[in-house]
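Observations on chain architecture
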Amino acid sequence: MTESNENKQLLHLVFGGELSNLEQVQFRDLTKLDIVGIFPDYASALVAWKAKAQETVDNAHMRYFIVHMHRMLNPSEK
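Note that this is a predicted model, so its numbers are computed, not measured.

Rules behind the numbers
- Residues numbered from 1 in each chain as written.
- Predicted model: local features only at pLDDT ≥ 70, side-chain atom pairs only at ≥ 80, totals over all residues.
- Heavy atoms only, no water.
- Helix = DSSP H or I, 4+ residues; strand = E, 2+ residues; numbered from the N terminus.
- Buried < 20%, exposed > 50% of the residue type's maximum accessible area, 1.4 Å probe, protein only.
- Contact = heavy atoms within 4.5 Å.
- Polar contact = N/O pair within 3.5 Å; in protein donor to acceptor, adjacent residues only side chain to side chain.

**Some remarks on the environment of L33**
In this structure, L33 sits in the loop between β1 (12–18) and β2 (34–39). Residue classification places L33 among the partly exposed positions, given a relative accessible area of 27%. Between the alpha carbons of L33 and G17 there is a distance of 4.8 Å; along the sequence they are 16 residues apart. With near-sequence residues (within four places) excluded, L33 lies in contact with G16, G17 and F27.

Now the structure itself:
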C-alpha cells in the first residue's frame, strides 16, 4: 500500500542562530541555536520561520532556516 501525496509527511525543521559574519553560514555559538520545531509540511514551517525572522529583524546577524528533512530521510524521492 502506498501513501498518496496528500497524506505523506514532508517533515521540515526550522532553526536559527546568530551568525559569526554575514558572508557565511557559520554560527557564533552552537550551544545557543534556536530549534523552533519540526513541522509536517512546508507551509506550516514557513509560518514559523516568518514569525521567528520577524521577531529578530533588528539583529542583522540572526538567521533562521528551513531544512527539508524529508529529503534527507528519503534522498531518492523528490
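**Thoughts on the side chain of H12**
Along the chain, the position of H12 falls in strand β1. For H12, a relative accessible area of 2% puts it in the buried group. Here the side chain of H12 touches L10 through a polar contact of 2.5 Å, landing on its backbone oxygen. For H12, the residues in contact, after removing those within four places along its chain, are G37, I38, F39, D41, Y42, A45, I66, V67, H68, M69 and H70.

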